[in-house]
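Each chain, letter by letter, is given below.
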Amino acid sequence: MDVIPAIDLLQGNCVRLYQGDYEQSQVFDEDPVAIAQQWVAQGATRLHVVDLDGAKSGQSVNLEVIRAIAQSIPIPVQVGGGLRDYAGGANLLSTGVQQAILGTVAVENPELVQQLCQEFPGQIMVGIDARDGKVATRGWLETSKISGIELAQQCAQMGVYGIIYTDIHRDGTLKGPNISALREVAEAVDVPVIASGGVSSVTDLLSLLSLERLGVTGVIVGKALYTGDVVLKEALQAIGPGRLQDVPPDFDSSAMA
């Protein structure tokens, strides 16, 4: 199972929100590129980036920062936030990002999701952010009537590469992942599921291993990495035996800073 460090961008800074509340944001670093390079140096094999400004406004805001991140590290980057039209998805993928994560449009414009899946096979994911089981949209500011499981099943049929499932009530709280909800989603679809929200310790990560056989292939860790509650190298060793990869020998983070 992959342990995927998260970088949430707000006004160009690396931040974390508490339960998706923009009024409860904490700045952890003003140099997201340096943070990305730091996670690579510690063994990350994939990076998760969210454009929080974009999620709120409906269009990519931190695109140049995202481009700088993608071009400065030798691992795949997946990015979501503010991708509401075809141009937004296509422009993001042109920056060197491997996968674009759609959210709101999966509820409001599923035809667009299907179109992008057809034109960019293997590069489209859907982020399902649930509040009390229902999908939240528009930067978590609104709640739809569709359940997370229903949306997951619809997206799987459209051909998405995978689904990222976030329990908003757990996000940024360090209270542990919602195992039961993740199990329900993984059992309902036949595409990879990535867990997100609430991880506070290596013990939380170990609790997710029981879901690996169901298709939960990774877990996104944000706040716990920044507070030091989870050390990335230890986490990789704990839930992915033998999968802690060496940083490419030609990777020099100082030269890319």
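It should be emphasised that the depicted structure is a prediction, and the values quoted were computed from it without experimental measurement. (Residues numbered from 1 in each chain as written. Predicted model: local features only at pLDDT ≥ 70, side-chain atom pairs only at ≥ 80, totals over all residues. Heavy atoms only, no water.)

A tally of regular secondary structure across the protein gives 12 helices and 12 strands. Within the protein, residue pairs in contact and separated by at least 24 positions form 69% of the contacts whose partners lie at least 6 positions apart. Working note: accessible area of the protein is about 10700 Å², and carbon and sulfur atoms make up 45% of it. (Helix = DSSP H or I, 4+ residues; strand = E, 2+ residues; numbered from the N terminus. Contact = heavy atoms within 4.5 Å. Areas by Shrake-Rupley, 256 points an atom, 1.4 Å probe, with all protein chains shown as cover.)

Below, the discussion takes up the UniProt feature "active site" (unreviewed entry) in the protein. When the UniProt feature table is mapped onto this chain numbering, "active site" (unreviewed entry) sits at D8 and D129. Residue position: D8 is located in strand β1 (residues 2–10). In this structure D8 touches N13, C14, V15, R16, V50 and L52, once residues within four positions along its chain are discounted. By the secondary structure assignment, D129 is in strand β7 (residues 124–131). (UniProt positions renumbered as here; feature names shortened; annotations may be inferred.)

On to the environment of Q114, then. Note that Q114 resides in helix α6 (residues 110–119). We classify Q114 as partly exposed; its relative accessible area is 37%. Here the alpha-carbon distance between Q114 and G159, two residues 45 residues apart in the chain, equals 7.1 Å. (Buried < 20%, exposed > 50% of the residue type's maximum accessible area, 1.4 Å probe, protein only.)

Here we take up the environment of R67. Within the secondary structure layout, R67 lies in helix α3 (residues 63–72). Here the alpha-carbon distance between R67 and T95, two residues 28 residues apart in the chain, equals 5.1 Å. Once residues lying within four places of it in the same chain are set aside, the contact partners of R67 are S94 and T95.

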